[in-house]
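# Structure at a glance
If you want the building blocks of each chain, they are given just below.
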Amino acid sequence: MLNILRYSFFDLMRSRWSYFYFAFYLALGFALLFLNNSLPKAIITLMNLIVVLTPLIGTIFGVMYFYNSREFTELLLAQPIKRSTIFMGQYLGIAGSLSMSLVLGLGIPFLLYGILLSGEIINFMFLLIDGALLTFIFVALAFILSLYNENRIKGFGYAILMWLFFAVIYDGLFLIFLLVFENYPLDKFSLIATMLNPIDLSRILVLLKLDISALLGYTGAVFQQFFGTAMGLFLSTFTLILWCLFPVGIILRICKKKDF
Amino acid sequence: MISLQNIQKQYGRLKVLNGVNLELSGAGVHTILGPNGSGKTTLIKILLGMVIPQKGEVVIDNKIVNGKWEYRNDIDYLPQIARFPDNLTVIELIEMIIRLRKKPNRSKELIQLFKIEPFLNQKLGNLSGGTRQKVNLVLAFMFDSRIIILDEPTTGLDPVAVVHLKELIRKERLKGKIILVTTHIMSFVEEMADQIIFLLDGKIYFKGTNEEIRARNNSKNLEHAIATLLEVHNA
């Protein structure tokens, strides 16, 4: 598996898009730091961007890579390698290289700014971990959609819809639901509904970590109230990891049955 | 020995293979012929475990290999479409496959034979179709496996490369290997095939030598014999 991971990783690392993605974060990091001139503010702004952007990029790259490497996958399938090894190798290769673009792209400007000497280092680490987890989740979801759809236009369409659903539509439905049923106790509902959306969940994770959950309004308050900061942190991280593992399990199941 | 037993495969409502039984025991070149969409590639992919049949078993050396992967150590395969990751160079791809297989290889000799040294450090995305097919051939022949499966091997090749390919196949046949080839090119079949397997609508309609197929259909050449076979079964 390491072999396939390595090649997928380097294949992506050498493509223009990875550089572009890396350069984007690099520019973003520098711009935010020098415009805000304050670490906590830069981190909060970044959080708002990262929870939407990493899923989008993960989704697009995941689908693109999957369809573009179809022939290569076929070549590997004819080799004496287990199917699950091939797909896990490719998956970890993409998610890994995207996460690396994120970590390095943001890490370099923040390191230069002197994050290591400030008290914000833990928060910053959390931000990066959160972005990486979201990347892993959405690349996996994109893989599932591409495995199901032979037609790449369809697969691409569904993937974008999925991102739109989690990033925008879900929150809208959530709000409508809260408004319609405002006369009922909704604490548990909003808690569960938040857990079912990795983007919302990671937003809360970072907010809890930054100890500004009041900013999030209702859901943040519920999280804070139910679990306290430490428990909430643990629970949301744990659920995010589940969000990674579950789609990976589905990938493994589909790839066993799929024809190439 | 390779044996396919009662293989059935359908995609949705489309039945591609309809209970195919096939045994390839002896060494030599076995060619699978059949019109477009007759199930040739599907059959090969089932043998390789890339397509999973609804029914039936693939048996190699008296072992059922459905769902297994170790048996592919004994198989070299040339896929029909030669497309690779665009960002890798030719030599990187070759080295990668060598690393995956961990077997002795003769890539250098084949690189010379097909004259692809000038392209070794080029990215695969920049190669012409014919050069890609040559890379594909190097990958397929570089391990000395007992079974060789070639799906439309002559696609995109220039005449010189075709001559080299035929020589290569002859040499491998002399080593006692089982070579399975699908092709549309009749002259290739007439020249190379020890056995012809004719596939139509997911069934094997004929299995035998070039002489047998011509004798059975009273035809002077193979092309004519195949045409007769097709007419008889479509009528």
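Quick look at the structure, then.

### What about the environment of E23 of chain B?
Residue and element names in this part refer to chain B. Residue position: E23 is located in strand β2 (residues 14–24). Considering only alpha carbons, one finds E23 and Q5, 18 residues apart in sequence, at a separation of 8.4 Å. Every residue in contact with E23, bar those within four places of it in the chain, is listed here: M1, I2, S3 and K207.

### Section: a positive patch on the surface
Together, K82, R253, K256 and K257 of chain A make up a positively charged patch on the protein surface. Checked against the element boundaries, R253 of chain A lands in helix α10 (residues 218–257).

### Re the interface of chain B and chain A
The parts lose accessible area when they come together, and the size of an interface is often stated as this lost area. Contact residues are listed per partner, giving 27 residues for chain B and 24 residues for chain A. Around 2,600 Å² of area is buried between chain B and chain A when both sides are counted, 57% of it from carbon and sulfur atoms. Residue E74 of chain A is joined to K45 of chain B by a salt bridge in which the shortest nitrogen-to-oxygen separation is 3.7 Å. Taken together, chain B and chain A are joined by ten residue pairs in polar contact (both at pLDDT 80 or more). Counting residues per element, the side of chain B that touches chain A draws most heavily on helix α2 (residues 90–101) of chain B, which supplies eight residues.

### Notes on the layout of surface pockets
Its boundaries defined by the atoms lining it, the largest pocket holds a volume of some 520 Å³. Around the largest pocket sit 22 residues that line it, and D11, S15 and N68 of chain A together with D86 and N87 of chain B are the ones nearest its centre. Of all elements in the fold, only α1 (2–13), α2 (16–36), α3 (39–68) and α4 (70–77) of chain A reach the threshold of two or more residues within the lining of the largest pocket. Of the residues in the lining of the largest pocket, the class split is nine nonpolar, four polar and nine charged.

### A short note on the side chain of T89 of chain B
All names here are of chain B. Here T89 shows up in the loop between β6 (75–78) and α2. Judged by its relative accessible area of 12%, T89 is buried. Look past the residues within four positions of T89 in its chain and what remains in contact with it is L120, N121, Q122, K123 and L124.

### Re the pattern of salt bridges
Residue and element names in this part refer to chain B. Inspection of the entire model under this criterion finds 20 salt bridges over all chains. Where D144 meets K175, a salt bridge forms, and the shortest distance between an N and an O atom there is 3.6 Å. On the criterion of sequence distance, the pair formed by D144 in the loop between α4 (129–141) and β7 (147–151) and K175 in the loop between α5 (159–174) and β8 (178–182) is long-range, its members being 31 residues apart. Between K175 and E172 there is a salt bridge whose closest N-O contact spans 3.3 Å. We classify K175 as partly exposed; its relative accessible area is 48%. Classification of E172 as buried rests on a relative accessible area of 1%.

### Remarks on the packing of aromatic side chains
Residues and elements named next belong to chain A. Going through the model one piece at a time under the given rule, you end up with 23 aromatic pairs over all chains. Taken together, a centroid distance of 5.8 Å and an interplanar angle of 85 degrees make the contact between F66 and Y67 edge-to-face. Relative accessible area serves as the criterion here: at 3%, F66 is assigned to the buried category. When the ring of F165 is compared with that of F166, the centres are 5.4 Å apart and the planes differ by 70 degrees; the resulting orientation is edge-to-face. Here a set of aromatic residues connected by ring pairs shows up, and it is made of F66, Y67, F87, Y91, F136, F143 and F260.

### Structural notes on the sheet that holds strand β4 (residues 55–60) of chain B
All names here are of chain B. Across the sheet, which stays open at both edges, the four strands sit in the order β2-β1-β4-β5 with antiparallel pairing between neighbours. Looking at which strands have only one partner, the edges of the open sheet turn out to be β2 and β5 (63–64). The pairing of strand β1 (residues 2–11) with β2 spans eight bridges and is antiparallel. Looking across to β2, one finds that S3 is bridged to E23.

### Overview of the packing of α3 of chain A against helix α6 (residues 121–148) of chain A
When two helices pack together, their arrangement is captured by the angle between the axes and the distance separating the axes. Residue and element names in this part refer to chain A. With their axes 7 Å apart at the nearest point, α3 and α6 run at an angle of 30 degrees to one another. Taken together, the axes of α3 and α6 are roughly parallel relative to one another. Of the two elements, α3 crosses α6, and the hand of that crossing is right-handed. Taken together, the residues that form the contact of α3 with α6 break down as 18 nonpolar, eight polar and one charged.

Thresholds applied
- Residues numbered from 1 in each chain as written.
- Chains lettered and ligands numbered in written order.
- Predicted model: local features only at pLDDT ≥ 70, side-chain atom pairs only at ≥ 80, totals over all residues.
- Heavy atoms only, no water.
- Helix = DSSP H or I, 4+ residues; strand = E, 2+ residues; numbered from the N terminus.
- Contact = heavy atoms within 4.5 Å.
- Patch = residues over 30% accessible without salt bridge, like charges linked within 9 Å, V, L, I, M, F, W, Y side chains within 5 Å.
- Areas by Shrake-Rupley, 256 points an atom, 1.4 Å probe, with all protein chains shown as cover.
- Salt bridge = Lys/Arg side-chain N within 4 Å of Asp/Glu carboxyl O.
- Lys, Arg positive; Asp, Glu negative; His and termini not counted.
- Charge placed at Lys NZ, Arg CZ, Asp CG, Glu CD.
- Buried area = accessible area lost by both parts, 1.4 Å probe.
- Polar contact = N/O pair within 3.5 Å; in protein donor to acceptor, adjacent residues only side chain to side chain.
- 1 Å grid on protein atoms, 1.4 Å probe; cavity = no way out; pocket = protein on both sides within 12 Å on 5 of 7 lines; lining within 4 Å.
- Points joined across faces, edges and corners; volume = space filled by probe spheres on them.
- Nonpolar A, V, L, I, M, F, W, Y, C, P; charged D, E, K, R; others polar.
- Buried < 20%, exposed > 50% of the residue type's maximum accessible area, 1.4 Å probe, protein only.
- Phe/Tyr/Trp six-rings, centres within 6.5 Å; stacked < 30°, edge-to-face > 60°.
- Pairing = 2+ DSSP bridges.
- Axes fitted to C-alpha atoms, helices over the stretch in contact; angles between N-to-C directions.
- Parallel < 35°, antiparallel > 145°, perpendicular 65-115°, else oblique.
- Left-handed = near helix turned anticlockwise from the far one by under 90°.

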